[in-house]
There are 2 protein chains.
Amino acid sequence: MLRLNGALVATHDTMVEGVHWLPGQDPADVAWKLVASNLSDLAAKTCRPVGLLLSFMLGDEAWNTRFAAGLGEALAAFDAPLLGGDTVSAPSPDAPKVIGLTALGQPRRDPPPSRADAAPGQALWITGQCGAALAGFEALQAGSDDQTLTAPYRRPVPRVAEGQALAPVAGAMMDLSDGLLLDAARMAEASGTTISIETCLVPVHPALTRRKREAMSWGDDYELLFTLPEGAACPVEAVRIGSVQPRGAHALLLDGSPPLAGQSLGYRHGI
Amino acid sequence: MLRLNGALVATHDTMVEGVHWLPGQDPADVAWKLVASNLSDLAAKTCRPVGLLLSFMLGDEAWNTRFAAGLGEALAAFDAPLLGGDTVSAPSPDAPKVIGLTALGQPRRDPPPSRADAAPGQALWITGQCGAALAGFEALQAGSDDQTLTAPYRRPVPRVAEGQALAPVAGAMMDLSDGLLLDAARMAEASGTTISIETCLVPVHPALTRRKREAMSWGDDYELLFTLPEGAACPVEAVRIGSVQPRGAHALLLDGSPPLAGQSLGYRHGI
């Protein structure tokens, strides 16, 4: 049981076989990603993870064993205690698996930053590189066994330490799950500002230097997108990629111009 | 966001179409039961519910609408705020639905009672009647439209107020989800005692007076099973049905004798 004093952030992610992962994927990677995606949500809220609850659908022995192995690795890597959860039978052996995770965290700041907290006069920053997950995904699709190249897709590392370190200084903050451009546009909409990105400043995975737009529109990177007062030093490893401006005609500007109409900004969930 | 001071209990239940409910059931009842079963877990821990997170698999419009209606009714009935969660697409239109709920609660006692806290010299008590859910289930199966008779199965009411009222006095406490006999045996095993039940004292739904053993072995009743010091007054409406004794050869005694070997005590989950 938890004993807490102060604010608590609770988040839940559900993953469905055939929607969020492919039937052939290693269940250990699926487990890792479920934990990572939840902890990434907590990271954006400056949280220290305090507990997880797992909803697990039983499968055959290979599925159960590999899933547990990946879960154990993730729990150890991120120092997040598993408090409980529920285990359910599959309705039939071939039914798509559904797994879920609730993550509880204590924010280092109360209230924690949200995507609505961007304000004109702030600079826009990002951790890591855009497109690392895409590069890993494409390598996997091509049958690569280069573990380093595929790791960002299979085993993303949420920015838990960075999120906590940013608590005293971040304006707005969110984790990138659906691509930089779409998530930046959401930040602009939520905060009633225009966000202007200089694409030459955006760090992109080396495999995607000639496909930068794609790298900025692909999800699964689990990096942090945040704002700091213009000119402020950043306490974590990150790159300044743009600025927040008073709301103009467009939510998002790329190199000073609005994105072309009809061009996808990123991954939209099927709802 | 929650702001808390002290202990927090977190519980998660997942329900699967074809395992926990039948495809033809009203989605509003499914939603209600998902909330009720989680709140029943909190009730047994003397908790005031402070928040829920829902994992919802989208279906057709009828499913979504009816589910939301039942969810709204349950949230209002039990005064439990929905904090968030996740919504996922189904992998295919005919895939069995999977839904989950995390419930967070603040216990009135720290540590809260557990099934391991039964001790010799205590009396065993139960709220409500055994078999009300079974009577409702059978009525539904028979095509009854008697809402009062079917309600305990369709719309069980967790003992949230009773659980909190019992905080100062209860020894062991648990909610009945798999039938009185199985759950009482679990309490005995967890606490290293023998639990002795006088079956003539067990309140049974009127429709099942001639099938008492079945009523005591059927799940879904969501009543509280708890112990009090022998002779103590009970602060909630409940009935004394037995006593806790030093551990003998058997975990459970019914009218002084062990249950017959090979006879089922209750519903065992498929794991």
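Given the structure is predicted, the values throughout are model-derived calculations rather than measurements.

1. Some remarks on the interface of chain B and chain A
- Taken together, the contact pairs 39 residues of chain B with 39 residues of chain A.
- Put simply, the parts of the chain that give the side of chain B that touches chain A at least two residues each are β1 (2-16), β2 (47-57), β3 (82-88) and β4 (98-107) of chain B.
- Top element by residues in the side of chain B that touches chain A is β1 of chain B. It accounts for 14 residues.
- Classifying every residue of the side of chain B that touches chain A by side-chain character gives 20 nonpolar, 15 polar and four charged.

2. Observations concerning the pairing of strand β8 (residues 224-229) of chain A
Residue and element names in this part refer to chain A.
- Judged by how many residues are buried, β8 sits mostly within the fold: five of six residues are covered.
- Looking at chain direction, strand β5 (residues 122-126) and β8 are connected through five bridges and run antiparallel. Looking at β8, one finds that Ala123 is bridged to Leu228.

3. A few points about the relation of the copies chain B and chain A
- Once chain B is rotated about the relating axis by 180° and shifted along it by 0.0 Å, it coincides with chain A to within an RMSD of 0.0 Å. When the rotation and shift are considered jointly, the pair of chain copies conforms to a two-fold rotation axis. Using C-alpha coordinates, one finds that chain B approaches the rotation axis most closely at Asn5 of chain B, a distance of 2.3 Å.
- Take the interface residues of chain B: 100% of them recur as interface residues in chain A, which is what a same-surface contact looks like.

4. Concerning the packing of helix α1 (residues 27-44) of chain B against helix α2 (residues 61-78) of chain B
All names here are of chain B.
- Their axes nearest at 6 Å, the elements α1 and α2 cross at an angle of 35°. Taken as a pair, α1 and α2 cross one another with a handedness that is right-handed. Contacts from Pro27, Ala28, Asp29, Val30, Ala31, Trp32, Val35, Ala36 and Leu39 of α1 reach α2 at Trp63, Arg66, Phe67, Ala69, Gly70, Leu71, Glu73, Ala74, Leu75 and Phe78.
- When grouped by side-chain class, the residues that make up the contact of α1 with α2 number 15 nonpolar, one polar and three charged.

5. With respect to the pairing of β1 of chain B
- Bridge count between strand β1 (residues 2-16) of chain A and β1 of chain B: seven bridges; the pairing is antiparallel. Residue pairing in the sheet places Leu2 of chain A in a bridge with Leu8 of chain B of β1 of chain B.
- Pairing of β1 of chain B with β4 of chain B, which is carried by eight bridges, proceeds in the antiparallel orientation. What sits directly across from Val9 of chain B, in β4 of chain B, is Gly105 of chain B.

About the criteria used
- As a convention, each chain's residues are numbered from 1 in the sequence order in which they are written.
- Labels are handed out in written order, letters beginning with A for the chains and numbers beginning with 1 for the ligands.
- This being a predicted model, a pLDDT of at least 70 is required before a residue's local features are given, and a value of 80 or more before pairs of side-chain atoms are given or counted; all residues contribute to the totals for chains, interfaces and linings.
- Note that contacts rest on C-beta atoms placed from the backbone: two residues are in contact if these are within 7 Å.
- Each helix corresponds to a stretch of at least 4 residues labelled H or I by DSSP, and each strand to a stretch of at least 2 residues labelled E; elements are numbered beginning at the N terminus.
- Each residue gets one label: Ala, Val, Leu, Ile, Met, Phe, Trp, Tyr, Cys and Pro are nonpolar, Asp, Glu, Lys and Arg are charged, and the others, such as Gly, are polar.
- Whether a residue is buried, exposed or partly exposed is read from the other C-beta atoms within 10 Å of its own C-beta, which are placed from the backbone; 20 or more gives buried, 12 or fewer gives exposed, and intermediate counts give partly exposed.
- When DSSP finds two or more bridges between a pair of strands, those strands are recorded as paired.
- The least-squares superposition of copies is restricted to C-alpha atoms, and to residues with a pLDDT of at least 70 in both copies.
- Lines fitted to C-alpha atoms define the axes here, with helix axes fitted over just the stretch in contact, and angles between the N-to-C directions of these axes take values from 0 to 180 degrees.
- By the definition used in this description, the sense in which the near helix is turned from the far one sets the handedness, with an anticlockwise turn below a right angle giving left-handed and a clockwise turn giving right-handed.

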